[in-house]
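# Coordinates in review
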Amino acid sequence: MAGWGVREDKPNYISDIWIDPACQGRGIGSALVCYFIERIAAGGFKVAKIHTRATNGGAIRLYERAGFSIVWRGKKFDAELGIPLEKVHLTKRLD
């Protein structure tokens, strides 16, 4: 599998994007993000949202190239890891 993505919790929120490190840089992430943006827009939403770790510079660059902008940066408790992590929240207007 080269990559996958998920929308869960909120219909205009992309909750996960993962690309196999051996496949990064081939446009797979961009294709997944564009697909999700199209699905969110088709659902009538005016804003798409995505969050990532602040240290994930590659993902942040990918999302910014897709038109997302950082709207929040700070510490947030990660329930999976059980620790606070520095996160960024990004949004993209779809109008």
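The paragraphs below set out a description of the structure included in this document.

Reading the values: rules and limits
- Residues numbered from 1 in each chain as written.
- Predicted model: local features only at pLDDT ≥ 70, side-chain atom pairs only at ≥ 80, totals over all residues.
- Heavy atoms only, no water.
- Helix = DSSP H or I, 4+ residues; strand = E, 2+ residues; numbered from the N terminus.
- Buried < 20%, exposed > 50% of the residue type's maximum accessible area, 1.4 Å probe, protein only.
- Contact = heavy atoms within 4.5 Å.
- Disulfide = S-S within 2.5 Å.
- Pairing = 2+ DSSP bridges.
- Salt bridge = Lys/Arg side-chain N within 4 Å of Asp/Glu carboxyl O.
- Phe/Tyr/Trp six-rings, centres within 6.5 Å; stacked < 30°, edge-to-face > 60°.
- Lys NZ or Arg CZ within 6 Å of the ring centre and 35° of its normal.

Take the side chain of Ser15 next. Locating Ser15 in the fold gives a position in the loop between strand E2 (13-14) and strand E3 (16-19). A relative accessible area of 14% means that Ser15 is categorised as buried. When residues no more than four places from it in sequence are discounted, the contact partners of Ser15 are Val6, Arg7 and Glu8.

On to the state of the cysteines, then. Scanning all chains against the criterion turns up 0 disulfides. Free cysteine Cys23: the closest other cysteine sulfur is in Cys34, separated by 18 Å.

For the rest of this paragraph, the subject is unusual backbone geometry. In the Ramachandran plot, Asp9 falls in the positive-phi region, its phi being about 75° despite a non-glycine side chain. With respect to the secondary-structure elements, Asp9 resides in the loop between strand E1 (3-6) and E2.

Note: E2 against strand E4 (residues 47-53), 2 bridges, orientation parallel. Within E4, the position partnered with Tyr13 by the bridge is Lys49. The pairing of E4 with strand E6 (residues 83-93) spans 7 bridges and is classified as antiparallel. Following the sheet pairing, His51 is matched in E6 by His89.

This brings us to the pattern of salt bridges. One pass over the full model with this rule turns up 3 salt bridges. Arg73 serves as the salt-bridge partner of Glu86, at 3.1 Å between the closest nitrogen and oxygen. Separated by 13 residues along the polypeptide, Glu86 in strand E6 and Arg73 in strand E5 (residues 69-78) bring together distant segments of the chain. On the basis of relative accessibility, which here comes to 36%, the residue Glu86 falls in the partly exposed class. Accessibility expressed as a relative area gives 46% for Arg73, which makes it partly exposed. Notably, a salt bridge pairs Asp78 with Lys87, separated by 3.7 Å at the nearest N-O pair.

Below, the discussion takes up the packing of aromatic side chains. The full count for this structure, using the stated rule, is 2 aromatic pairs. Residues Tyr35 and Phe36 carry aromatic rings whose centres are separated by 5.5 Å and whose planes lie at 65° to one another, so their mutual orientation is edge-to-face. A cation over an aromatic ring shows up here: Lys10 above the ring of Tyr13, its NZ or CZ 5.8 Å from the ring centre.

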